[in-house]
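# Tertiary structure, described
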Amino acid sequence: QVVLEESGGGLVLAGGSLRLSCAASGRTFSSYAVAWFRQAPGKEREFVAGVSRTGGNTYSADSVKGRFTMSRDNAKNTVYLQMNSLKPEDTAVYYCAISRLWAPGRVESTYDYWGQGTQVTVSS
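What you are looking at is a predicted structure, and each value in this text was computed from that prediction instead of being measured. (Residues numbered from 1 in each chain as written. Predicted model: local features only at pLDDT ≥ 70, side-chain atom pairs only at ≥ 80, totals over all residues. Heavy atoms only, no water.)

### Examining the overall build of the protein chain
The number of helices and strands found in the protein chain is zero helices and 11 strands. Listed N to C, the secondary structure of the protein chain is β-β-β-β-β-β-β-β-β-β-β in terms of helices and strands. By the compact-globule yardstick of 14 Å for 124 residues, the protein chain fits well, its C-alpha radius of gyration being 13 Å. Counting every position in the protein chain, which comprises 124 residues, the buried fraction comes to 44%. In the protein chain, the proportion of contacts linking residues at least 24 apart, taken out of those at least 6 apart, comes to 59%. Charge separation in the protein chain, taken as the distance between the mean sites of 13 positive and 10 negative side-chain charges, equals 6 Å. (Helix = DSSP H or I, 4+ residues; strand = E, 2+ residues; numbered from the N terminus. Rg over C-alpha atoms; globule rule 2.2 N^0.38 Å. Buried < 20%, exposed > 50% of the residue type's maximum accessible area, 1.4 Å probe, protein only. Contact = heavy atoms within 4.5 Å. Lys, Arg positive; Asp, Glu negative; His and termini not counted. Charge placed at Lys NZ, Arg CZ, Asp CG, Glu CD.)

### What to know about the pattern of salt bridges
When the charged atoms of two side chains lie near each other, side chains of opposite charge can form a pair. Counted under the stated rule, the structure contains six salt bridges. As a salt-bridge pair, Glu46 and Arg38 come within 2.7 Å of each other at their nearest N and O atoms. In this structure, Lys65 and Asp62 form a salt bridge, with 3.1 Å as the shortest nitrogen-oxygen distance. Beyond isolated ion pairs, a larger network of salt bridges with shared partners links Arg38, Glu46, Arg67 and Asp90. (Salt bridge = Lys/Arg side-chain N within 4 Å of Asp/Glu carboxyl O.)

### Considerations on the sheet that holds strand 1 (residues 4-7)
Reading across the sheet, the four strands line up as 1-3-8-7 and stay open at both edges, with antiparallel pairing between neighbours. Edge positions in the open sheet fall to strand 1 and strand 7 (68-73), since each of these has one partner strand only. Neighbour-to-neighbour, the strand axes of the sheet open up by a mean angle of 15 degrees, direction not taken into account. (Pairing = 2+ DSSP bridges. Axes fitted to C-alpha atoms, helices over the stretch in contact; angles between N-to-C directions.)

### What to know about the side chain of Ser60
Along the chain, Ser60 turns up in strand 6 (residues 58-60). For Ser60, a relative accessible area of 10% puts it in the buried group. Leaving out residues up to four positions away in the same chain, Ser60 has contacts with Phe47, Val48, Ala49, Lys65 and Arg106.

### Some thoughts on the environment of Gln119
Its place among the elements puts Gln119 in strand 11 (residues 118-123). Separated by 79 residues in the primary sequence, Gln119 and Ala40 place their C-alpha atoms 9.6 Å from one another. Among all residues touching Gln119, those that are not within four sequence positions of it are Gly9, Gly10, Thr91, Ala92 and Val93. One polar contact links the side chain of Gln119 to the main-chain carbonyl oxygen of Ala92, over a distance of 3.4 Å. (Polar contact = N/O pair within 3.5 Å; in protein donor to acceptor, adjacent residues only side chain to side chain.)

### Regarding the nonpolar core
Formed by 35 residues in total, the largest nonpolar core has its most connected members in Trp36, Leu81, Met83 and Tyr94. Those elements that provide at least two residues to this core are strand 3 (18-24), strand 4 (33-39), strand 5 (46-51), strand 7, strand 8 (78-83), strand 9 (92-99) and strand 11. With five residues, strand 9 is the largest single contributor of residues to this core. Among residues more than four places away in sequence, those in contact with Met83 are Gly16, Ser17, Leu18, Leu20, Arg67, Phe68, Tyr94 and Val120. (Core = buried A, V, L, I, M, F, W, Y, C linked by side-chain atoms within 4.5 Å.)

This is the structure:
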């Protein structure tokens with residue numbers, strides 16, 4: 001069992017930045033690929049960004065490319081999502097999730113554990 005806890009959400013003006021963190025319990029964090037998803041009010045949850053077990057490979061949704069950067073620090077059992085140039089449409093609850101698969105991709109069902117989420121609100 002792995003417990004994930006997100007932090008760093010909040011209210012920010014359009015154009016601003018936030019850095020989300022996701023801390024994981026347990027000693028096998030480096031065995032998991034990790035991703036961030038988000039869910040806006042009235043919409044389905046969507047993939048935002050993912051990172052491989054070692055952190056050597058990252059990938060992101062087209063809607064956030066060039067603005068969001070995902071990274072991980074396995075020594076701290078933590079992943080980060082640096083979000084710059086935020087837009088009102090980035091407003092959502094952001095979740096981190098981990099997968100035992102080597103390349104879980106962007107599909108929710110391939111992820112095994114989820115955090116409770118952190119709210120990000122971008123005002124115009």
